[in-house]
Amino acid sequence: MPDPAVPPSPPVPLTALLAREDLALRRIAGPAAEDTAIHWVHTSEMADPYPYLLGGELLLSAGVHIPEGVLGDTAADGAAAAYFDSYVARIVAAGGAALGFGLAPVHDTVPPALVAACDTHGLPLLEVPPQTTFSGIARAVWQLMAQARLAELRRVTEAQQSLASAAARPDPVPSVLRRLARRVDGRAVLYGPDGTRIAEAGSTPATAPANPAGAAADPADADDPAGAALDALARVVRPGRAGAPASATDTVAGVHLAAYALGAGGGFVLGVAAARREPGDHTIASVAAVLLSLLTGEHHSGAGAARSSALVRLLLGAPPAEVAPLLGTGDRLVVHARPDAQAADPVAASALGAALGSPLVDLADDVVRVLVPADRAPEPQPGWTLGVSAPAAAPDWPAADAQAARALARARATRSPLVRHGARTALADLVPDADAAAHASALLAPIAAAPALTETLRTWLSLHGSWDRTAVALGVHRNTVRQRIARCAALLETDLDDPDVRMELWFALGRAPRTAGQ
């Protein structure tokens, strides 16, 4: 049976649907409903519904598809059994969860051959009384899904508040682990950079005693196979290991295991073992991982004290170039990021910084800015759109900030998860900086006093003259873009359709000094 391509909503237990008195559904064949989950409701009168099913459906039918004569008195022996056996087998092959058969308006009873086929293939069969409409069943499923989703969100929210409260205690790391272990009803372990358990809370659920057939037994793991497997899983995600994933899951001896690499860059890992994998557990564990990343991060070391000192010196008037060495040596990349869905919050911003390997995160309006060491090449992050600058030394960070902003605008306009600022062209190397700047100032002088025109022209050229993409990147209407570009052409007294003109303007825009707000 294929795994259903399930929606993000929690599934509905078939027992909950059968408990609805207003529906009066009755299970008349197939296995017990306790282990059956409904992900969708689909109505079909096709004789072969397989091509139209995704898996996990409660399929509803009034029997219109049954050929005339199959159930008649003159039907050949076994015709009904053969038809329904094929019909039910195809539903099961498609991953259907259950079948509901309506008693009206075509049939007064459920065909016995259909009951037998459902028993044979292990498909729960529900009798739908005449007064219950198929749309009423679908509405009930959606209502139960909404209730389950609300309960999951409430559980996650309460866990987030509880974990945040634990992180504020005098013993934050043990407190967070204890709260997490209680929330998942299992065990939470913090692994150090060398792979040893440095803190843990809760207990590993009871496990099956036997090893898989043919597996070599390790006497040290005999008493706690799930714990040993969790130790091994933590090694898989340890930060710094080539190709290591950010998280991993496994199931050993009936225990669900998960490991999360903490993003503080110190090689710490969070491991979780639980008897069940409830909806929302991954989110709760991820919140704990973010908090532990902050608690075990560099701000609890000398590097954190250096950042604090840098902030104080900046506030007291020290030049940025003087303060930058306190943040570490080497060039930096500036990353601008925008979430694809809801607005970013401090927890999401910290999690992004941890994923990129830097605690230097700034949440401003709807953009998160991260200062990343140049030797860590940022990769696309799920749920985020990123713009990355070229490597820059401390005096050039403001320019790198502008590069990242333009790269983010281009990423959003082209619907790319990540765009990097391009390397300087060979043409720029042929012209001395002073000459290039003087030429740019003279060429762009007619529009220099209007930053909106300059930035619109820059974005429009970077997107190859696309009105729609430029409008998306700047957050304005496409007609506004057209008006601004027309104004630029008039003030510059040039033909912007000429590729030579575009090349010269693009070169000038790259060399011109930037004004405030750009």
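What counts as what
- Residues numbered from 1 in each chain as written.
- Predicted model: local features only at pLDDT ≥ 70, side-chain atom pairs only at ≥ 80, totals over all residues.
- Heavy atoms only, no water.
- Helix = DSSP H or I, 4+ residues; strand = E, 2+ residues; numbered from the N terminus.
- Buried < 20%, exposed > 50% of the residue type's maximum accessible area, 1.4 Å probe, protein only.
- Contact = heavy atoms within 4.5 Å.
- Areas by Shrake-Rupley, 256 points an atom, 1.4 Å probe, with all protein chains shown as cover.
- Axes fitted to C-alpha atoms, helices over the stretch in contact; angles between N-to-C directions.
- Parallel < 35°, antiparallel > 145°, perpendicular 65-115°, else oblique.
- Left-handed = near helix turned anticlockwise from the far one by under 90°.
- Nonpolar A, V, L, I, M, F, W, Y, C, P; charged D, E, K, R; others polar.
- Polar contact = N/O pair within 3.5 Å; in protein donor to acceptor, adjacent residues only side chain to side chain.
- Expected span 1.5 Å × (residues − 1).
- Phe/Tyr/Trp six-rings, centres within 6.5 Å; stacked < 30°, edge-to-face > 60°.
- Pairing = 2+ DSSP bridges.

(A) Layout of the overall build of the chain. In terms of regular secondary structure, the chain is built from 17 helices and 17 strands. Per-residue burial for the chain yields a buried fraction of 42% across its 518 residues. For the chain, the share of sequence-separated contacts (at least 6 apart) that also reach a separation of at least 24 residues comes to 63%. Accessible surface computed for the chain: about 26000 Å², of which carbon and sulfur atoms make up 56%.

(B) Looking closely at the packing of helix H2 (residues 79–93) against helix H3 (residues 112–121). Taken N-terminus to C-terminus, the directions of H2 and H3 make an angle of 45°; their axes are 8 Å apart at the nearest point. In terms of orientation, H2 lies oblique with respect to H3. H3 is crossed by H2, and the crossing has right-handed handedness. In this structure, H2 uses Ala-80, Ala-81, Phe-84, Asp-85, Tyr-87, Val-88, Ala-89 and Val-92 to contact H3, whose residues at the interface are Ala-113, Leu-114, Ala-117, Cys-118 and His-121. Counted by class, the contact of H2 with H3 contains eleven nonpolar, one polar and one charged residues.

(C) Fine view of the side chain of Gln-403. Along the chain, the position of Gln-403 falls in helix H11 (residues 397–414). According to the relative accessible area criterion, Gln-403 is buried, its value standing at 17%. At 3.0 Å, the side chain of Gln-403 forms a polar contact with the backbone nitrogen of Ala-390. Ignoring any residue separated from it by four or fewer positions in sequence, one finds Gln-403 in contact with Ser-389, Ala-390 and His-421.

(D) Geometry of helix H17 (residues 499–511). Between its terminal C-alpha atoms H17 stretches 19 Å, which fits the 18 Å expected from 13 residues at 1.5 Å a residue. Val-501, Leu-505, Phe-507, Ala-508 and Leu-509 are the residues of H17 that are buried. Capping the start of H17 is the job of one residue whose side-chain oxygen sits 2.9 Å from the backbone nitrogen of Asp-500: Asp-498.

(E) Structural context of the packing of aromatic side chains. In the structure shown here, the tally under the stated rule is three aromatic pairs. Geometrically, the ring pair formed by Tyr-83 and Tyr-87 is stacked, given 6.4 Å between the ring centres and 5° between the ring planes. One end of the pair, Tyr-83, and the other, Tyr-87, are both in helix H2, four residues apart, so they sit about a helical turn from each other. Ring geometry for Trp-460 against Trp-467: centres 5.5 Å apart, planes inclined by 35°, an arrangement best described as tilted. Taken together through their ring pairs, the aromatic side chains of Tyr-83, Phe-84 and Tyr-87 make up a single cluster.

(F) Region of the structure containing H11. In this model H11 runs 25 Å from its N-terminal to its C-terminal C-alpha over 18 residues, within 8% of the 26 Å that 1.5 Å per residue would give. Within H11, the full set of buried residues consists of Trp-397, Ala-400, Ala-402, Gln-403, Ala-404, Ala-407, Leu-408, Ala-409, Ala-411 and Ala-413. Packing partners of the buried residues in H11 comprise strand S13 (332–339), strand S15 (367–373), strand S16 (384–388), strand S17 (418–420) and helix H15 (467–474). One or two residues past the end of H11 sits Arg-415, with phi positive at roughly 55°.

(G) Broad picture of the packing of H11 against H15. The contact between H11 and H15 brings their axes to 8 Å, and the two run at 125°. Overall, the two elements H11 and H15 adopt an arrangement that is oblique. Judged by the sense of rotation from one axis to the other, the crossing of H11 with H15 is right-handed. Contacts between H11 and H15 involve Ala-409, Arg-412, Ala-413 and Thr-414 from the former and Arg-469, Val-472 and Ala-473 from the latter. Tallied by class, residues from the contact of H11 with H15 come to four nonpolar, one polar and two charged.

(H) Structural context of the sheet that holds S17. Read from one edge of the open sheet, five strands run S14-S15-S13-S16-S17, paired in mixed fashion. Since the sheet does not close on itself, it has two edges, and those belong to strand S14 (361–364) and S17, each with one partner. Averaged over neighbouring strand pairs, the angle between their axes works out to 20° when direction is ignored.

(I) View of the pairing of S15. Most of S15 sits out of view: six of its seven residues are buried. Across six bridges, S13 lies against S15 in antiparallel orientation. Of the residues in S15, the one forming a bridge with Ala-337 is Val-368.

(J) Spatial organisation of the sheet that holds strand S4 (residues 40–43). Across the sheet, which stays open at both edges, the five strands sit in the order S2-S7-S6-S5-S4 with mixed pairing between neighbours. The sheet is open, and its two edges are formed by strand S2 (26–29) and S4, each paired on a single side. The sheet shows a mean angle of 30° between the axes of neighbouring strands, taken without regard to direction. Two strands pair when backbone bridges link them, and S2 and strand S7 (residues 125–128) are joined in this way by three bridges, in the antiparallel orientation. Counted as the bridge partner of Ala-29 is Leu-125 from S7. Against the sheet, H3 makes contact with S2, strand S6 (98–102) and S7, and its axis sits at roughly 80° relative to S2, the strand it touches most.

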